[in-house]
Amino acid sequence: MIKAIYLAFILLGSAAVSYAQQKFTISGTIRSQRTGETLIGATIRSGDAGTFSNDYGFFSLTLEKGKYNIEASAIGMQAQNIPVTLDKNITLSIALKDEQKTLDNITIIASSKSRSLSSPQMGIERLTAKEIKNIPALLGERDVLKTVQLLPGIKSAGDGNSGFYVRGGAADQNLILLDEATVYNASHLLGFFSTFNSDAIKDITVYKGGMPAQYGGRLSSVLDIKMNDGNNQDYSVSGGIGLISAKLNVEGPIQKDKSSFLVTGRRTYADLFLKLAKDSSLRDNVLNFYDLNAKLNYSIGSKDRIFLSGYFGKDKLAAGETFGLDWGNATGTFRWNHIFSNKLFSNTSAIFSNYDYNINIRSGANQFDIFSQIRDWNLKQEFQWYLNNRNNIRFGFNTIYHIIRPGEVRPSTDKSSINEALLQKRYSWENAIYATNTWKATDKLHITYGLRLTLFSILGKGDFYTITPDGEVSDTLSYKKGQFVKTYVNPEPRLAASYQLNTVSSVKASYVRNVQNLHLISNSTTSSPTDKWVASTNIIKPEISDLFAVGYYRNFSDNKYELTIETYYKTMQHQIDYRDGANIYINSDAIETQLLFGKGRAYGIEWQFKKKTGKLTGWLSYTLSKTEKKINGISNNNWYNARQDRTHDIALVLSYQLNKKWTLSANWVFYTGNAVTFPAGKYKVDDQVVFYYTERNGYRMPDYHRLDIGATWLLKQKKRFSSELNFSLYNAYGRENAYTITFRESKDDPEKTEAVQLALFKFIPSISYNFKF
Amino acid sequence: MKFSAIYFFLVIICLTSCEKVIDLPLDVAPKKYMIEGTITDAKGGCRVLISQTKNFDEDNSFKGISGAEVSIKDENNNSITLPEVSPGIYTDSSITGIPGKTYSLHVNINGTGFDASSKMPVKVIMDSLYISDDNIFGQVRKTPNINYTDPEGRGNNYRFVLYVNGIKRNNIYIVNDDYSDGNISSIKLFLFGEDDDKKIKSGDKIGVDMLCISPEVYKYWYSLNAGATGNNNAASPANPVSNISGGALGYFSAQTVQTKLIEVP
């Protein structure tokens with residue numbers, strides 16, 4: 001590993017340019033003055049030279065000797081000008097004030113002032129908690145994942161669903177990170193809410209392409225979510241009461257300026273809906289979830305800072321005594337930032353991640369529990385080396401030990417008719433090293449080039465199989481504890497370039513390869529807590545995607561408006577599907593007997609027009625795309641539309657600051673229905689009508705469209721106390737969007753069959769109250 | 001192990017959902033033959049039905065295919081031709097099968113041949129049939145229960161057919177001993193989401209057929225239930241996995257049968 005890092009140094013160092021004139025470095029940390037929270041992605045610039053703060057608020061800018069006026073700015077903050085005389089290396093600790101809102105002079109910057117025209121990074125979207133705040137939400141639950149779905153190229157998995165598809169990828173091909181820990185099931189309540197409590201979140205970055213080399217492990221996207229660190233200036237309590245949940249957030253300094261804590265909790269009372277249901281006997285049922293986010297951070301001197309953050313969430317669902325299901329994620333991250341020098345920043349993370357579910361059945365003689373789990377132990381090391389003005393290098397490694405317990409059935413009494421059945425635990429070790437350099441080749445041409453090398457080792461103890469084309473096990477190979485079954489080595493090149501055409505526009509191009517070694521086996525249309533994660537085996541090969549993209553970016557009217565156009569072509573190898581009649585809950589370790597493999601391709605073009613400042617802010621996005629699959633054994637081995645294939649996808653998101661008290665908002669979405677399989681005929685089996693199918697995904701669900709409106713009423717805004725009321729109306733014009741279409745014998749005339757459409761949400765009003773002191 | 005239906009049910013209860021019949025233009029596909037063949041350990045159980053797929057908007061009546069050549073063969077190559085007793089229904093009331101023996105079906109429709117074979121499994125009998133009051137999502141429902149003792153050794157597959165007052169219910173009840181090998185087993189024949197007038201009440205006459213089926217036939221019913229009944233939320237509906245070669249829909253099952261009757265107290 002060390003050798004590889006040296007090698008990376010030499011490779012990247014060769015791009016360095018020689019020092020002609022005396023240069024000095026300005027480095028430091030940028031924060032919010034009020035809360036002490038570090039600011040991510042803040043701009044620190046002087047004239048044309050500039051940089052962005054990293055994930056921990058650190059920045060480093062090297063300039064020639066001289067006098068400068070440094071401008072520091074960030075979303076929602078007042079910009080600050082700092083005059084500096086640069087005749088030695090200097091350290092700046094910048095604290096920005098919150099933006100002031102006055103009645104006659106409203107300047108709202110809804111998103112970072114200019115998408116970096118010069119950065120080669122493509123396919124990136126950044127949101128802050130502030131931006132999410134005003135978007136109307138289902139049942140008033142602000143939701144990170146549903147906001148992300150309004151961005152071009154990102155599609156909702158269904159009405160009210162928090163699952164999403166990025167550029168033709170499946171829902172499991174998104175890497176979802178919370179303070180660097182993988183979240184394996186990012187949804188609550190069967191997909192209707194995400195596990196992320198927006199009150200605890202500082203920053204959300206979505207990469208739908210061109211992932212930097214520090215990210216890997218999923219084919220389609222990276223959703224990198226950072227939690228707040230906690231106010232290190234003052235104690236603060238905030239909270240909210242909505243229709244389905246209540247939230248409370250407590251944060252404050254442990255030692256002012258040095259350390260702070262944050263605890264955020266959320267609990268739903270969806271059960272109450274059941275209690276209010278017409279049928280009074282429904283009250284034995286349970287349906288709820290809660291989450292808890294907690295974080296501590298401590299600065300040790302000026303060079304070191306440690307963070308400890310954790311997330312714990314749980315859903316519970318029960319039908320009286322007979323059926324119970326609970327599931328949840330737990331993550332923990334310990335991080336150590338160390339500033340080696342004004343040019344070298346290091347972060348070390350030790351991460352734990354766990355997802356499990358538990359089912360209890362108590363029905364007659366069928367008394368048993370089912371348990372399944374996926375658990376990761378993960379170590380990451382990253383260096384950011386601000387070599388000089390032209391080269392910005394990142395390198396590091398990542399090692400993860402995965403333990404998967406695919407399914408364990410245990411009888412709960414001696415008399416149970418169910419036997420104990422424990423599927424083999426699966427062990428794997430995933431390693432990656434990477435290095436990447438952003439090279440400012442000329443003032444106009446910037447290039448990022450890097451490589452990520454992934455080594456995925458499947459470890460014993462366990463049995464592995466060979467399988468006939470018909471899906472029968474033909475041979476079993478047993479491996480001992482710790483024995484290497486197979487190691488997949490995959491280089492993942494990452495390339496991106498930007499060329500600035502003039503001061504307001506640029507073009508970019510990128511190529512990225514991603515490899516995925518953990519696969520989600522799910523055969524339902526909605527996300528289910530019992531979907532199965534499996535690691536690559538001798539038969540299940542690592543999924544590989546290659547994404548090519550080009551884009552055009554233009555700012556108008558002094559950065560007031562922004563236009564982004566990106567087009568992409570993606571190929572995917574070793575995609576997984578099911579054999580006809582597959583049962584993924586079989587009592588067998590050879591899950592591969594139920595699977596088929598093939599490939600996928602996706603292409604499309606995405607437009608986004610954004611208004612970023614002023615009373616009215618928002619965006620209009622449009623995606624035209626195609627996603628197809630070709631699986632051996634499905635649709636006569638021909639290409640067919642993937643379920644998530646939607647031709648058109650439009651989102652309009654608007655927010656209008658009416659006056660100091662009122663903010664109005666609206667969003668409207670339209671998309672072509674998913675590709676689905678409908679019957680081509682019918683016949684009778686044992687006197688029952690069943691349906692005959694001829695082609696996979698040959699039909700479309702009806703087009704989907706919906707308008708949501710919302711309003712925020714600021715009741716009070718004092719220094720010590722502020723409160724607001726949020727109103728929203730989901731599906732304001734009551735469109736009956738098809739959630740499912742099913743087929744059955746007609747209730748009126750059993751001699752006929754009929755198609756039945758189910759629509760879930762129609763006019764869902766909500767109100768919530770939020771406060772802060 | 002099929003919980004998705006349960007979630008779905010719960011979600012529907014708690015959200016403001018809305019169901020309506022829609023008009024959906026569906027393509028018309030070329031017709032396909034449907035063969036449903038059984039041989040049982042009881043007299044009169046040897047029956048082969050031959051029909052064809054219909055368009056979605058046609059009526060549901062069974063339209064038999066006449067004039068086919070249908071024969072059943074045992075392990076000793078004794079072949080019997082089944083006469084057509086009414087259009088599309090071919091049967092011989094004298095044939096009985098023996099558990100443990102393999103039977104083959106051959107059908108010839110206008111020169112196109114279809115073949116299948118099935119091994120009749122060991123007969124396992126119902127020890128009892130009784131009614132219990134079960135709380136299903138808050139509602140007390142009368143539910144038929146079956147007890148039987150699964151023999152040692154994995155690979156036993158069962159199907160139950162429920163009759164209420166002599167009318168067969170369209171619920172597919174299948175179970176295998178994957179997780180319950182060798183145990184005294186108890187199966188509840190739940191009726192989810194039925195209309196009030198279809199619920200089981202005191203005084204109803206309940207009949208249950210217990211069929212011991214072969215693994216291929218289990219797979220047929222499993223995949224039919226998962227993908228072809230039209231009312232599931234499976235990702236990809238598909239035709240069930242048939243054990244008939246030659247490109248017909250349907251199945252051929254050599255199965256044992258036992259029937260119990262009870263009046264609901």
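Parameters and conventions
Residues numbered from 1 in each chain as written. Chains lettered and ligands numbered in written order. Predicted model: local features only at pLDDT ≥ 70, side-chain atom pairs only at ≥ 80, totals over all residues. Helix = DSSP H or I, 4+ residues; strand = E, 2+ residues; numbered from the N terminus. Buried ≥ 20, exposed ≤ 12 C-beta atoms within 10 Å, placed from the backbone. Contact = placed C-beta atoms within 7 Å. Rg over C-alpha atoms; globule rule 2.2 N^0.38 Å. Pairing = 2+ DSSP bridges. Expected span 1.5 Å × (residues − 1). Axes fitted to C-alpha atoms, helices over the stretch in contact; angles between N-to-C directions. pLDDT = per-residue confidence, 0-100. Core = buried A, V, L, I, M, F, W, Y, C linked by C-beta atoms within 7 Å.

## Section: the overall build of chain B
Piece 1. A tally of helices and strands in chain B yields 2 helices and 17 strands.
Piece 2. Per-residue burial over chain B gives 35% buried out of 265 residues.
Piece 3. Long-range pairs, those at least 24 residues apart, make up 63% of the contacts in chain B between residues at least 6 apart in sequence.

## With respect to the overall build of chain A
Piece 1. Across its full length, chain A holds 4 helices and 50 strands.
Piece 2. Whereas a compact globule of 773 residues would reach a radius of gyration of roughly 28 Å, chain A reaches 27 Å, a difference of no more than 12%.
Piece 3. Along the first, second and third principal axes, the C-alpha atoms of chain A reach 90 × 60 × 50 Å.
Piece 4. Buried positions account for 48% of the 773 residues belonging to chain A.
Piece 5. The long-range fraction of contacts in chain A, counting pairs at least 24 apart against all pairs at least 6 apart in sequence, stands at 64%.

## Thoughts on the pairing of strand β28 (residues 445–459) of chain A
Residue and element names in this part refer to chain A.
Piece 1. Here 14 bridges tie strand β27 (residues 426–440) to β28, and the two strands are oriented antiparallel to one another. Among the inter-strand pairings, threonine 436 is bridged to a residue of β28, identified as glycine 450.
Piece 2. Taking the residues between adjacent antiparallel strands as the criterion, β27 and β28 are bridged by 4 residues.
Piece 3. Where β28 and strand β31 (residues 484–502) come together, 15 bridges link them in antiparallel fashion. Directly across from leucine 445, in β31, lies its bridge partner tyrosine 499.

## Considering unusual backbone geometry
Piece 1. In this structure, lysine 461 of chain A follows glycine 460 of chain A across a cis peptide bond, with omega equal to 5°.
Piece 2. Looking at the secondary structure, you find lysine 461 of chain A in the loop between β28 and β29 (462–467).
Piece 3. Phi angles above zero are rare outside glycine, and aspartate 686 of chain A is one such case at about 45°.
Piece 4. Its location among the elements puts aspartate 686 of chain A in the loop between β43 (681–685) and β44 (688–692).
Piece 5. The exposure class assigned to aspartate 686 of chain A is partly exposed, which follows from the 16 C-beta atoms found within 10 Å.
Piece 6. Positive phi, close to 45°, is recorded for asparagine 110 of chain B, a residue that is not glycine.

## Focus: helix α2 (residues 215–227) of chain B
Residues and elements named next belong to chain B.
Piece 1. Along its 13 residues, α2 runs 18 Å from first to last C-alpha, staying within 8% of the 18 Å computed at 1.5 Å per residue.
Piece 2. Of all 13 residues that make up α2, 10 are buried, and the element is covered over most of its length.
Piece 3. Listed in full, the buried residues belonging to α2 are Val217, Tyr218, Lys219, Tyr220, Trp221, Tyr222, Ser223, Leu224, Ala226 and Gly227.

## Topic: the sheet that holds strand β6 (residues 80–86) of chain A
Residue and element names in this part refer to chain A.
Piece 1. The 4 strands lie next to each other as β3-β2-β5-β6, forming an open sheet whose pairing is antiparallel. At either margin of the open sheet sits one strand with a lone partner, and together these are β3 (49–52) and β6. Each strand axis lies, on average, 20° off the axis of its neighbour in the sheet, ignoring direction.
Piece 2. Bridge analysis of strand β2 (residues 43–46) against strand β5 (residues 66–73) gives 3 bridges, and the strand direction is antiparallel.

## A few points about the confidence of the model for chain B
Residues and elements named next belong to chain B.
Piece 1. Put simply, chain B has an average pLDDT of 87, and 89% of its residues get 70 or more.
Piece 2. Residue range residues 1–14 is modelled with pLDDT below 50. Its contacts to residues more than four positions away, or to other chains, number 21 contacts.
Piece 3. Here the prediction assigns the complex a pTM of 0.89, and the interface score ipTM is 0.92.

## Topic: the sheet that holds strand β4 (residues 58–64) of chain A
Residue and element names in this part refer to chain A.
Piece 1. Here 3 strands make up an open sheet; going across it, the order is β4-β1-β7 and the pairing mixed. The strands lining the two open edges of the sheet, one partner per strand, are β4 and β7 (90–96). For this sheet, the mean inter-axis angle between neighbouring strands, taken without regard to orientation, is 25°.
Piece 2. Summarising the sheet, strand β1 (residues 23–32) and β4 pair through 7 bridges and their orientation is antiparallel. In the strand pairing of β4, phenylalanine 24 is matched with leucine 63.

## Things to note about the environment of alanine 365 of chain A
All names here are of chain A.
Piece 1. Inspection of the secondary structure assignment puts alanine 365 in the loop between β23 (344–363) and β24 (366–388).
Piece 2. Using a count of 20 C-beta atoms within 10 Å as the deciding quantity, one classes alanine 365 as buried.
Piece 3. Considering only alpha carbons, one finds alanine 365 and lysine 415, 50 residues apart in sequence, at a separation of 6.9 Å.

## Things to note about the pairing of β2 of chain A
Piece 1. Note that β2 of chain A and β3 of chain A share 4 bridges and pair antiparallel. Pairing of isoleucine 44 of chain A across the sheet is with threonine 51 of chain A, part of β3 of chain A.

## Details of the nonpolar core
Piece 1. Residues Val148, Phe164, Leu223 and Ile225 of chain A are the most contacted members of the largest nonpolar core, which totals 75 residues.
Piece 2. Those residues in contact with phenylalanine 164 of chain A, other than ones at most four positions away along the chain, are Leu145, Val148, Gln149, Ile154, Lys155, Ser156, Ala157, Ala171 and Asn174 of chain A.
Piece 3. Formed by 56 residues, the second largest nonpolar core is a distinct cluster that contains Tyr683 of chain A together with Tyr148, Cys212 and Ala248 of chain B.

## Some thoughts on the environment of valine 489 of chain A
Piece 1. With respect to the helices and strands, the residue valine 489 of chain A is situated in strand β31.
Piece 2. A C-alpha to C-alpha distance of 16 Å links valine 489 of chain A and alanine 213 of chain A, two positions 276 residues apart in sequence.

## Quick notes on the confidence of the model for chain A
Residues and elements named next belong to chain A.
Piece 1. In the predicted model, chain A carries a mean pLDDT of 87, and 93% of its residues have values of at least 70.
Piece 2. Every residue in residues 7–19 is under pLDDT 50, and counting partners more than four places away or in other chains gives 13 contacts.
Piece 3. Residue range residues 102–110 is modelled with pLDDT below 50. Its contacts to residues more than four positions away, or to other chains, number 19 contacts.

## Thoughts on the environment of isoleucine 631 of chain A
Residues and elements named next belong to chain A.
Piece 1. By the element assignment, isoleucine 631 lies in strand β38 (residues 616–631).
Piece 2. Residue classification places isoleucine 631 among the buried positions, given that 22 C-beta atoms sit within 10 Å.
Piece 3. Along the primary structure isoleucine 631 and aspartate 577 are separated by 54 residues, whereas in three dimensions their C-alpha atoms are 7.3 Å apart.
Piece 4. Sequence-distant contacts of isoleucine 631, that is, excluding residues within four places in its chain, are made with Gln575, Asp577, Leu596, Phe597 and Gly598.

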